[in-house]
Amino acid sequence: MKEIAGGVCAPIGFMAGGIWCGIKAQSQKRDLALIYSEKSCTASAVFTTNRVKAASIIVSMEHIAAGKLHAIIANSGNANACTGAAGLDAAQRMAALAADEFVINPRHVAVASTGVIGVPLPIAAIENSIGALANSLRGDEAGHAAALEAIMTTDTRKKEVSVEIEIGGLPVRIGGMAKGSGMIHPNMATMLCFLTTDAAISRELLDKSLHRAVSRSFNRLTVDGDTSTNDMVVVMANGASGIPAITEEDDGYELFAGALEACCVKLVRAMARDGEGATKLVTVTVNGTDDEATAETLAKSIASSSLVKTACFGADANWGRILCAMGYSGAEFDPLQTTVAFKSTAGEITVFKNGEPFPFYEEDAKNILSQEEIEIIITIGNENNAVSVWGCDLTYDYVKINGDYRS
């Protein structure tokens with residue numbers, strides 16, 4: 001697998017674009033995006049587990065049920081959530097507007113929204129700008145960049161990826177973009193993620209590969225413990241690469257599924273690094289449990305702990321907070337077989353070993369924990385079933401950003 005340029009436009013046959021239509025009335029930043037495939041796509045998606053679902057989620061869940069998409073239309077600046085029947089009508093109208101531009105079935109258009117909850121979506125702004133949005137489509141990196149900018153809210157960094165693999169002697173490409181900075185927690189975090197590929201693959205296996213990728217990436221991401229009303233991950237496969245369709249779980253499928261997972265992990269790491277107010281990307285890796293589920297539970301508990309997160313911000317090697325978070329996680333483990341270490345580009349240091357404090361120099365630990373990317377490594381007996389979860393530190397700026405988000 002090699003990284004290439006182009007994002008969602010890297011796979012053959014995909015175009016993207018983005019414009020400002022006025023949803024973000026106080027800004028001239030792009031707020032309306034479109035991703036379009038020249039060919040009809042096999043499609044799959046994973047949606048928020050929050051019982052309160054935005055209108056865009058309700059509409060997209062209906063549209064994706066048949067496993068076919070031609071386009072995704074997305075807006076930022078307004079979540080169109082908790083807006084009643086009018087909000088549902090607006091989401092359906094968004095799909096219809098995009099479909100009319102390309103003479104396609106409205107049910108083959110997914111809809112996404114992100115922004116403030118409880119404010120009516122100004123659908124007239126989208127209606128007045130749909131032609132300009134269609135005209136903004138480009139099949140290159142500039143088109144991808146415009147669409148990516150249009151879905152960003154409090155994001156300060158771009159989250160994008162594109163890779164190429166080879167299946168049956170032919171190049172296959174996967175591209176992706178995501179937004180997400182706050183209100184992020186496992187089991188679908190507050191985020192939008194759109195993935196494209198020119199692979200040919202059955203709906204069943206596309207769905208299976210996406211769910212596997214999400215379970216090992218987006219569902220192992222936490223910023224602040226909140227799960228949103230608007231989260232979705234959508235993948236579209238148009239088959240334009242020319243490879244024979246992947247219909248069996250063979251080597252070709254494993255190559256594709258592995259690449260899709262790697263793309264999702266890269267996007268997740270970018271979201272964790274860009275957590276609202278964050279100064280550090282924190283990776284928590286747990287090794288040596290009897291099964292992967294136990295390792296995941298322990299790692300999530302550590303990464304979600306506000307006390308651990310603030311210790312990371314302060315570069316404080318407070319391993320007691322880590323043991324405490326493991327202890328209330330509900331997972332079975334033996335503290336007497338547990339070792340805790342910190343690692344970064346500045347080195348690695350063990351601070352707790354086999355159930356006892358391990359001597360270390362505080363200055364060395366502080367230097368390691370002062371880097372932009374740090375890892376908390378837990379080993380319980382051996383190194384089987386290693387699971388990583390991604391998060392960030394908790395800073396003063398997180399409170400500032402969210403204290404006046406609506407204003």
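Our subject is the structure listed above.
A brief look at the structure comes next. Within every chain, residues take consecutive numbers counted from 1 along the sequence as written. A pLDDT threshold of at least 70 governs which residues receive local features in this predicted model, and a stricter bar of 80 or more applies before side-chain atom pairs are shown or counted, although totals over entire chains, interfaces and linings include all residues. Only heavy atoms go into the side-chain values, all of them from the structure, while hydrogens and water stay out.

### Overview of the packing of helix α8 (residues 292-304) against helix α10 (residues 319-327)
Here comes step 1: Axis definition: a line fit to C-alpha positions, over the contact stretch in the case of helices; interaxial angles, taken between N-to-C directions, run 0 to 180 degrees. To qualify as a helix, a DSSP run of H or I must reach at least 4 residues; to qualify as a strand, a run of E must reach at least 2; elements of each kind are numbered from the N terminus. Where α8 contacts α10, the two axes come as close as 8 Å, and the packing angle between them is 130 degrees. By the angle between their axes, α8 is oblique relative to α10. The chirality of how α8 crosses α10 is right-handed. The segment α8 lies against α10, with Leu298, Ser301 and Ile302 engaging Ile322, Ala325 and Met326. Oblique is the label for any angle not under 35 degrees, not over 145, and not in the 65 to 115 range, which are roughly parallel, roughly antiparallel and roughly perpendicular in turn. Helix crossings are classified by the rotation of the near helix relative to the far one: an anticlockwise turn of less than a right angle makes the crossing left-handed, while a clockwise turn makes it right-handed. A contact between two residues is defined here by any heavy atoms of the two lying within 4.5 Å.

### Remarks on the state of the cysteines
Here comes step 1: The disulfide criterion is simple: two cysteine sulfur atoms within 2.5 Å. Inspection of every chain in the model, using the stated rule, returns zero disulfides.
Here comes step 2: The thiol sulfur of Cys263 is not disulfide-bonded, and the nearest other cysteine sulfur, from Cys264, lies at 6.8 Å.
Here comes step 3: Burial here depends on accessible area, computed with a 1.4 Å probe over protein chains only, as a share of the maximum for the residue type. Under 20% is buried, over 50% is exposed, and the range in between is partly exposed. The exposure class of Cys263 is buried, given its relative accessible area of 0%.
Here comes step 4: Free cysteine: Cys324, not disulfide-bonded; nearest cysteine sulfur from Cys312 at 15 Å.
Here comes step 5: For Cys324, a relative accessible area of 46% puts it in the partly exposed group.

### Considering the pairing of strand β4 (residues 68-76)
Here comes step 1: Of all nine residues that make up β4, eight are buried, and the element is covered over most of its length.
Here comes step 2: Pairing between strands requires that DSSP locate at least two bridges from one strand to the other. Bridge analysis of β4 against strand β5 (residues 109-114) gives six bridges, and the strand direction is parallel. In the strand pairing of β5, Ala74 is matched with Ala112.
Here comes step 3: For the handedness criterion, the β-α-β arrangement of β4, helix α2 (residues 84-102) and β5 is classed as right-handed. Note on handedness: a clockwise path from strand one over the helix to strand two, with the strands aimed away from the viewer, defines a right-handed crossover.

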